[in-house]
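Remarks on the overall topology
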Amino acid sequence: DHGETWRSIGLNHVEIISVAAYGTSSILAATYDTVYATTDGGKSWKLVYSVARSAPERSAMVNFVSLSPQSYLYLGGWQIGLLKSVLALPELLR
């Protein structure tokens, strides 16, 4: 339909600034201060990163997210630098 039909996949935050996907079911969505992830195509989402938890003394901001083929989460932003998750996405969601 040339991109005319869209459907929501369950994360209804109006401030989403970056999205990354790998395969057909692993998706990351970032707001300015949080990152959410799903491995079931958007049926259920879980918070996997929060600026308030990792840098509460700073006014940091997430600018982008990425997911490697091995399912490691990468994110970067203002006063965050470039971060790589220690655990792969399936382990982060447990």
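Heads up: these notes are all about the structure in this document. Note that this is a predicted model, so its numbers are computed, not measured.

The rules behind the values
- Residues numbered from 1 in each chain as written.
- Predicted model: local features only at pLDDT ≥ 70, side-chain atom pairs only at ≥ 80, totals over all residues.
- Heavy atoms only, no water.
- Helix = DSSP H or I, 4+ residues; strand = E, 2+ residues; numbered from the N terminus.
- Rg over C-alpha atoms; globule rule 2.2 N^0.38 Å.
- Buried < 20%, exposed > 50% of the residue type's maximum accessible area, 1.4 Å probe, protein only.
- Contact = heavy atoms within 4.5 Å.
- Areas by Shrake-Rupley, 256 points an atom, 1.4 Å probe, with all protein chains shown as cover.
- Pairing = 2+ DSSP bridges.
- Axes fitted to C-alpha atoms, helices over the stretch in contact; angles between N-to-C directions.
- Core = buried A, V, L, I, M, F, W, Y, C linked by side-chain atoms within 4.5 Å.
- Phe/Tyr/Trp six-rings, centres within 6.5 Å; stacked < 30°, edge-to-face > 60°.
- Lys NZ or Arg CZ within 6 Å of the ring centre and 35° of its normal.

Moving on, we come to the overall build of the protein chain. A tally of helices and strands in the protein chain yields two helices and seven strands. Tracing the protein chain from N to C terminus, the helices and strands come up as β-β-β-β-α-β-β-β-α. Relative to a compact globule of 94 residues, whose C-alpha radius of gyration would be 12 Å, the protein chain shows 13 Å and is just as compact. Expressed as lengths along the three principal axes of its C-alpha atoms, the size of the protein chain is roughly 45 × 25 × 20 Å. The buried share of the protein chain, taken over its 94 residues, is 36%. Expressed as a percentage of contacts within the protein chain between residues at least 6 apart in sequence, the contacts between residues at least 24 apart total 32%. A total accessible area of about 6,000 Å² is found for the protein chain, and carbon and sulfur atoms account for 55% of it.

Before going further, it helps to examine the sheet that holds strand S5 (residues 61-67). Strand order across the open sheet formed by three strands is S5-S6-S7, with antiparallel pairing between neighbours. Single-partner strands in this sheet number two, and they are S5 and strand S7 (81-88). Strand-to-strand, the axes of this sheet are offset by a mean angle of 25°, without reference to chain direction. In terms of strand pairing, strand S6 (residues 72-78) meets S7 through five bridges, oriented antiparallel. Bridging from a neighbouring strand, Leu 75 pairs with Leu 83 of S7.

A word on the nonpolar core. Grouped burial of nonpolar side chains is what soluble globular proteins tend to show. Of all hydrophobic cores here, the largest spans 17 residues; its most connected members are Leu 28, Val 35, Tyr 49, Val 62, Val 65, Leu 75 and Ile 80. Every element with two or more residues in this core is listed here: strand S2 (26-30), strand S3 (34-38), strand S4 (46-50), S5 and S6.

For any two aromatic rings, the description comes down to two numbers: the centre-to-centre distance and the angle of the planes. All told, the structure shown has zero aromatic pairs when counted by the stated rule. Positioned over the ring face of Tyr 72 is Lys 84, at 4.6 Å from the centre of the ring.

The next thing to look at is the side chain of Ser 26. Tracing the chain through its elements places Ser 26 in strand S2. Looking at Ser 26, the relative accessible area reads 12%, which means it is buried. For Ser 26, the contacting residues outside a window of four places in its chain are Ala 20, Ala 21, Thr 38, Thr 39, Leu 67 and Leu 89.

Moving on, we get to the pairing of S5. Relative to S6, S5 runs antiparallel, the two being bridged by six bridges. The partner of Ser 66 across the bridge, within S6, is Tyr 74.

These figures come from the coordinates and say nothing about function on their own.
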